[in-house]
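For reference, the chains in residue letters:
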Amino acid sequence: MRLISYNLLVWSLALFLVGCSTTRQIDKKQSNEVYKTLGLQKERKDNLVLYIEAASWLNVPHRGGGLSKKGVDCSGLIHELYKNVYGKNIGRNSLDILKKNCNRIGKSRLKEGDLVFFNSGSGSKTIAKINHVGIYLKDHKFLHASTSRGVIVSDLEEDFYRNAWVCGGRVKN
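Just so we're clear, the structure is a prediction, and the values are computed from it rather than from any experiment.

Caption draft 1: Focus on the packing of aromatic side chains. Tallying each qualifying case throughout the model produces seven aromatic pairs. Residues F118 and W165 carry aromatic rings whose centres are separated by 6.0 Å and whose planes lie at 80 degrees to one another, so their mutual orientation is edge-to-face. Here F118 is found in strand β4 (residues 115-118), whereas its partner W165 is found in strand β8 (residues 165-171), with 47 residues between them in sequence. Seen in terms of ring centroids, F142 and Y161 are 5.1 Å apart; in terms of plane orientation they differ by 80 degrees. Their pairing is edge-to-face. Of this pair, F142 sits in strand β6 (residues 141-146) while Y161 sits in helix α5 (residues 159-164); the two residues are 19 residues apart in sequence, bridging distant segments of the chain. No difference in accessibility class separates F142 from Y161, as the two residues are buried.

Next up, the structure:
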C-alpha cells in the first residue's frame, strides 16, 4: 500500500511539473506574440502586463471622447491603460493629465510607462498647447490613438513626432 501511495505521489508531482512547464511555454509563446505585434524586442525587465494591455488596444479606431475598444481618443486610451495596468485613475484630457497627474521629464529620461505629450498642430510647442498624449514603451516607441489610423505604435524619432514633441511626464504616485 505504501508503494502505491508513493508511486501515486511521484506521478502526481510529475504531472504537476509537466503542466507548469506547458503553461510557461504557452505564456512565453503568447508574450512573444505580444512583442512581435508591438514591434519590440522582449527583455526580462519589461512590464509584461503593460505590453499585453497595449497590444490589446492596437487597431482600435479613433473616436473623440471614446473609452472603449469600439473607439477611443488619445487621453481615453491613456486613462484606460493606467486604470487597467497600474490601478490609477488619471484625467481625461491631455493637458489636464500633465498638469494634475505628472511631473515633467525630458525625452532622455523616459522610462516604460511614462507619458509623452505633443502639440500636433502648428504654432509654439508650449505646455498650454498640448493636444496629444501617448504612453512610452521603450526604444523610442510609444502607443497612442492616432486620429487617422486608430491605436498604433509610433517612434519618437519620426519627423512628425520629433517636431510635435512638447515634453514627457512621469505619473505621480
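Having put the structure on the table, let's press on.
Caption draft 2: Structural detail: unusual backbone geometry. Its identity is not glycine, yet N59 carries a phi of approximately 70 degrees, on the positive side. Tracing the sequence through the fold places N59 in the loop between α2 (48-57) and β1 (67-68). Among the residues examined, N59 registers a relative accessible area of 64% and is labelled exposed. Phi at D139 takes a positive value of approximately 50 degrees, unusual for a residue other than glycine. Mapped onto the elements of the fold, D139 is located in the loop between β5 (132-138) and β6. Using a relative accessible area of 43% as the deciding quantity, one classes D139 as partly exposed.

Parameters and conventions
- Residues numbered from 1 in each chain as written.
- Predicted model: local features only at pLDDT ≥ 70, side-chain atom pairs only at ≥ 80, totals over all residues.
- Heavy atoms only, no water.
- Phe/Tyr/Trp six-rings, centres within 6.5 Å; stacked < 30°, edge-to-face > 60°.
- Helix = DSSP H or I, 4+ residues; strand = E, 2+ residues; numbered from the N terminus.
- Buried < 20%, exposed > 50% of the residue type's maximum accessible area, 1.4 Å probe, protein only.

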